[in-house]
Structure formats: C-alpha cells, structure tokens
There are 2 protein chains.
Amino acid sequence: MKLSFRWYGPDDPVALEKIRQIPNMHSIVTAVYDVPPGEVWSRESIAALKAQVEAAGLAFEVIESVPVHEDIKLGRPTRGRYIANYCENIRRLGEAGVRCICYNFMPVFDWTRTELAKRQADGATALAYDASRLEGLDPLSGELSLPGWDSSYKKEELRALFEAYAGVDAERLWENLGYFLHGVIPAAEAAGVRMAIHPDDPPWEIFGLPRIITTEENLDRLLRLYDSPSNGLAFCTGSLGAGAFNDLYHMVDKYSAMGRIPFMHVRNVRRYPDGSFEETAHYSAYGSLDMVRILSILHRNGFDGYMRPDHGRMIWGESGRPGYGLYDRALGAAYLNGIWETLDKLGPSRG
Amino acid sequence: MKLSFRWYGPDDPVALEKIRQIPNMHSIVTAVYDVPPGEVWSRESIAALKAQVEAAGLAFEVIESVPVHEDIKLGRPTRGRYIANYCENIRRLGEAGVRCICYNFMPVFDWTRTELAKRQADGATALAYDASRLEGLDPLSGELSLPGWDSSYKKEELRALFEAYAGVDAERLWENLGYFLHGVIPAAEAAGVRMAIHPDDPPWEIFGLPRIITTEENLDRLLRLYDSPSNGLAFCTGSLGAGAFNDLYHMVDKYSAMGRIPFMHVRNVRRYPDGSFEETAHYSAYGSLDMVRILSILHRNGFDGYMRPDHGRMIWGESGRPGYGLYDRALGAAYLNGIWETLDKLGPSRG
C-alpha cells in the first residue's frame, strides 16, 4: 500500500511541505490544472509539476484526473482528436514516471452534493446529499446553485449539454466508454500506466442523465470492455458505499483479488434510509462503512497500489476547498496507517 | 481503551472544541494550574474545570498531575501537612468523578531534554536529548538554560534544593515514596481513584539526583510498596522506552496483565547508541518502538484504562507548548484508533 494525498497544485492552500509531514506519506495525487479538458499537457508543465512534488520529498506517480472531454462521452465525431490527445497525455505522463491515471465518465456533473458544510454533532462540517432536496432541483432553471460545479458552466452551455445528452442513454454511454477504452488502454499498456476509472458519485442517475459506473454488475461490464490490468478501478468506498444496494466488501474483495484496483479512495459516509448521506470522519464508528474490514480484505489480497484518504470534514476552523482540507484528511491518513500496520504485523487477517 | 488528550486549561492554545473533533476522543486530561504544589484545590476550581470539559462533550475523569511537594520527596517534617492536603485533593477529585490521578516522584526536574525543537528530515521539529550535551551542563552554574524547567526555580532556590537532596540517595527516596503511598493510597481506594505514577523521564539519574521509577526492577518495587489496584502506573512508552535497557514489551505485558496500568502514555522515540534520543511521530517506522506490538499486548490483556497520545512533533507551522501542539498529537490519536479498532475486529492478537 502506497499512501498518497491529493494536491491541487501551487494554488492549493494545503502546501506540499505540510503533506510531507504526514507519517508514511508516499505520493502526491495531482494534475495540470491550467489546460482545458481534451487538450495536451505540455511536457514543461508536467516536468514542473514533477519537480515541485519531488522537491518536497514525495513521489509523482498518480494523476487525478486527466479529464475526459464531453465529446468523447457524447460520441461526437470530434472524439477522435480528443482520444488522440488523451493518448498523448498518457504517453507523456508515463515518460515522467506516472504509473496511475484516474478519470471518470460522468456526464456533465462530477460529484454532486446538496450541501458543502453540513454541521455535525462535534462542530465539524462535511459534504452532504439530501435526496429529497436534490429531487426538487431543476438544473436548467438558471436558479440552480449546486455546490461543487455550479460555476463550471454558463446557463446556455448547460442547456446545450443537456440537449446533446438527450440522445445518449445508458447503453449509448456504454458504447462511448468502450470506444474510449479501446482507444486509450493500448497506449496506457505501452506507457506502463494503469487507468483507474472513478465510480459515479453518487452511484445513481441524477437529473435524468445516465450514470453507469455505479454497481457490481456495471463494474463487471466495465472490466470486460477491455481485459487488461491497465483498465482498472479507482475504487472509491465513499462513492460506491453511498448506495446501500452495493455489497462493498464483496466488491472490494472481488476486484482486488482480480488485480484490477490500482488506486483506492478511502472515506466513510453515513447513509440514511431515504437515500440521503453525509460524509463523516474516516473512523468506522462514525459512518456506515467498516474501514478495518475494507482494508483487511485489501491486505489479504496483497494490495500494493496507491491509497489515499478521501474527502475529509472541515475541523479546527480550517477553511478551503470543501472535502480537501489538510486536517481531517491527515487524520484519515494516520488512521489508515494504524490499520495497515496492524494488518501487516498481525495477519493473516480474517477480512 | 478510553482515548484521552492532555489539555492545559483555559490558557492552552489548543481549545477543547478542537480536541473534541478528533474521532473517538473520550476524556480530557487536565489539572487545576493556579494553585501552588502542595495546596488544596478548591471545589469551585474543580467544578469549573469539570463543567468546561463536559460542556465540550468530553469526560472529566483523568487528572495530570496533582504535583507532589518537594518536602514529601525530601521526607521533611512538613510532609505530613502536604500528604493530608494531597489526600483531600484525591477526595475532592473523586467526588467530581475523577477516576485516575497521574503524578511523578522525580526530584527537582520533571522531564528533561537538551533541545525543544530539533529539526527532522521532513521539516517537523521535536524534543530531543543529547547525552553528551547534558553531561557538560552544570545546573548550578546559573548559566543553565535547560528547556522545559529553567524558569521553574530561581538560581538560589535551585542551589538550596540541591543541598537538600545531598542527603537523599535512592534508598532514602524509596523510603519517602513508600511513606507517601501509605498516606495517599487508602484515600485513593476510598475515593474510587487509581493513582498512576509517571516514570522518570529520561529513566536514569541526571545531575547526580536520584531517579527511581526507571526500570522493571524498580517498577516491581514500586508496586510492592503498596499492593492495591489504586497504586498503579502511568506507563509512558516514550519515557521507559528511551532506555534501551528496558524490555518495554515484556514490561507492558507484565503490568497490564497484573491490572496495574490505569493510564497509558503512548509515544515513540528514536534511540541512539550513546544514550541520546529524539521524539518522533507515533508511527512505528519513525522511531525505535513498535506501537502495534505495544497496543496488541494491551489489547490481549483486556486493557480498559485511559490512553493518550503523548508528545507530538511540531508540524504544519504550529507553535505552542513544546510537545503539546494539537496537530501531531491528533495524528497520533487517529493512528492509535486505527490500531485499536483493528485489534478489536481481528483479534485475538499475537502480541
């Protein structure tokens, strides 16, 4: 297990020098952020990023994300150019020592929440998703102010995107994903890079847009689309675990035993019966997921990929990028260290 | 295991509200700080402290420390009054719900280091003890500026104390400790309080003053002085572990199996062959002590006492009381949570 930590580049209020002081920290997870989706990252930008990370004593081996252009997800004729650009990015990153690239295939919206700072009993705040509140929202009303993405598109752009997706149902999205994978996985194999698709978050349809990376059945299908270790999963416990329909422990067992998980995102969520959920501290008792059970399964299956604490709460008065403060993610990392070291020393575990 | 955290009262830059946000935090470890050693704490002060701690959602069950007046350690005729006062403090604290009182029996100096902010490879700083540097120091020269205690005494007071201790060798100190225990342990038993003596830190003589709470042989002797669960240990892994002569794992096994450890102080140190040491992150690989081994022994022996992360490094630019910042101690707490939860779920451990 190689412990890693997401960093949003030089503008991130969380400095690399601070991340380095988290015990056992191995890798930085980052990206080139000043290039529009679909374009090629310059070798200079990649080299500069790598140099910064390595100067702080950390490894530059994981990228999150190289974004997938909407034209690829929509299957537009222009996708050929964007896939060629994607392959070029894979090659350049592989040459720079990157071993894992995370991406997602969610139409329009990335992770979706209805609240960025829901207050918890101990005064911490965290991201939350209120199912009934989301149902009442019309993303095209122009009045929508959904945390996390609302500034990504102008109203007219959003309407055009929704119109374009009117012709793309789940099956069509699968076709487009398959086309993408057949385009990029050979390049990843050649570059020594493992692609890691992030599950849809939450793992169900929102606003009538298809979402397909959601369940065991669908993850099986994804892996069958291209049978290669380079076609892998960014197994996100918080995303998949937000759906009570997912048998998370069985899934992490199955896919790690298959060697198809190059990257673990580990966080906890507390689920409610109506489909709502809120993010919690990593500590198992605070949420619906058993972190020790998840890690002991990974350990038993010889997991040697990258693992990062995912979204943290905001604690101790920290402000910053929701979910991506330093403090609670660092507590998550220390907690994962404790679990993993214990498994190392006391194994074999019972998973 | 009840996770706890030391707090230096309302003047502590680390606020209770922040401590509460550390997952699984149970108890605050604190004291009344505005009363001179040897005097009785007012019921009002105790009640105010308890109210503050409980208002933050934390338990008020551990005191560190009720200091032992030097006249008791010296065996002066005045000790009777100070022991009576000590018993009264035990009674008052027991009435307020306190279950464990930590104290030490070190002459003149409490914990001793030669450096408060030794820089480590990752930019963190930590307390350190350089053996050769300490040997060259004369505490009576008036030029001594030893971190942590140098402002406790004026030069003349220090000289007078050293003169008083000239007549107190280790055997005499043992006698005085026995006299103290026979005075206070019955009061502790009656109050439902367990006394927890802190080992001398470091566990060897300094400046020619006797130190007796240092080794297995001496801890055995301490426990024999008064055979009661209320005569217990604050087993400090960092203090006892600074001496390579101590078989720490055997000792924690022995005394926890005997039920004589009401309070664990857990931290790591890196020892050097010349007797020097420096404090490190809790994470085992960073120091000389195996945290998983220590906790798995405690777990196997059914440890249900209080445990606190001890001294942390200074990280992330924090300033404050050396060893007692929020950040690295909180990382220690999260790490201990991970170990303990894993032991709970995967046991029986192999210790």
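Residues numbered from 1 in each chain as written. Chains lettered and ligands numbered in written order. Predicted model: local features only at pLDDT ≥ 70, side-chain atom pairs only at ≥ 80, totals over all residues.

Caption draft 1: Up close: the pairing of strand β1 (residues 2-6) of chain A. Residues and elements named next belong to chain A. Summarising burial for β1: four of the five residues are buried, a large majority. The pairing of β1 with strand β12 (residues 306-309) spans two bridges and is classified as parallel. In the sheet register, Lys2 faces β12, and the bridge partner there is Tyr306. Of the pairings in the sheet, the one linking β1 to strand β2 (residues 27-30) comprises three bridges and is parallel in character. Across the sheet, residue Ser4 finds its bridge partner in β2, namely Ser27. (Buried ≥ 20, exposed ≤ 12 C-beta atoms within 10 Å, placed from the backbone. Helix = DSSP H or I, 4+ residues; strand = E, 2+ residues; numbered from the N terminus. Pairing = 2+ DSSP bridges.)

Caption draft 2: Quick peek at helix α7 (residues 170-191) of chain A. All names here are of chain A. Relative to the 32 Å expected for 22 residues at 1.5 Å per residue, α7 spans 30 Å between its end C-alpha atoms, a close match to the ideal helical length. For α7, the principal kink sits at Val184 and spans about 30°; a proline, Pro186, occurs within the next four residues. Residues of α7 that are buried: Leu173, Asn176, Leu177, Phe180, Leu181, Val184, Ile185, Ala187, Ala188 and Ala191. Where α7 is buried, its residues contact α3 (70-74), α4 (79-95), β7 (194-198), α8 (216-225) and β8 (231-236). Gly192 occupies a position one or two residues after α7 and carries a positive phi of about 70°. (Expected span 1.5 Å × (residues − 1). Bend = angle between axes of the 7 residues up to and from the residue. Contact = placed C-beta atoms within 7 Å.)

Caption draft 3: Highlighting the relation of the copies chain B and chain A. When chain B is fitted to chain A, the residual RMSD is 0.0 Å, and the transformation amounts to a turn of 180° plus an axial shift of 0.0 Å. Interpreted geometrically, this transformation is the action of a two-fold axis. Counting the interface residues of chain B, we find that 100% of their copies in chain A are interface residues as well, pointing to one common contact surface. (Least-squares fit on C-alpha atoms with pLDDT ≥ 70 in both.)

Caption draft 4: Structural view of the confidence of the model for chain A. For chain A, per-residue confidence averages 94 on the pLDDT scale, and residues scoring 70 or more make up 96% of the total. The ipTM value of the predicted complex is 0.95, and its pTM value is 0.95. (pLDDT = per-residue confidence, 0-100.)

Caption draft 5: Representation of the packing of helix α12 (residues 327-346) of chain A against helix α12 (residues 327-346) of chain B in the model. Close contact between α12(A) and α12(B) brings their axes to 7 Å; oriented N to C, the two are set at 40°. Taken together, the axes of α12(A) and α12(B) lie oblique to each other. At the point where α12(A) passes α12(B), the crossing takes the right-handed sense. Side by side, α12(A) and α12(B) meet where Ala330(A), Leu331(A), Ala334(A), Tyr335(A), Leu336(A), Asn337(A), Gly338(A), Ile339(A), Thr342(A), Leu343(A) and Leu346(A) of the first sit next to Ala330(B), Leu331(B), Ala334(B), Tyr335(B), Leu336(B), Asn337(B), Gly338(B), Ile339(B), Thr342(B), Leu343(B) and Leu346(B) of the second. A breakdown of the residues in the contact of α12(A) with α12(B) according to their chemical character gives 16 nonpolar, six polar and no charged. (Axes fitted to C-alpha atoms, helices over the stretch in contact; angles between N-to-C directions. Parallel < 35°, antiparallel > 145°, perpendicular 65-115°, else oblique. Left-handed = near helix turned anticlockwise from the far one by under 90°. Nonpolar A, V, L, I, M, F, W, Y, C, P; charged D, E, K, R; others polar.)

Caption draft 6: Region of interest: the nonpolar core. One finds Ile101(A), Val184(A), Ile101(B) and Val184(B) to be the most contacted residues of the largest nonpolar core, which totals 201 residues. Beyond its immediate chain neighbours, meaning those up to four positions away, Ile101(B) contacts Ile63(B), Val66(B), Ile90(B), Leu93(B), Val193(B), Met195(B) and Ala196(B). (Core = buried A, V, L, I, M, F, W, Y, C linked by C-beta atoms within 7 Å.)

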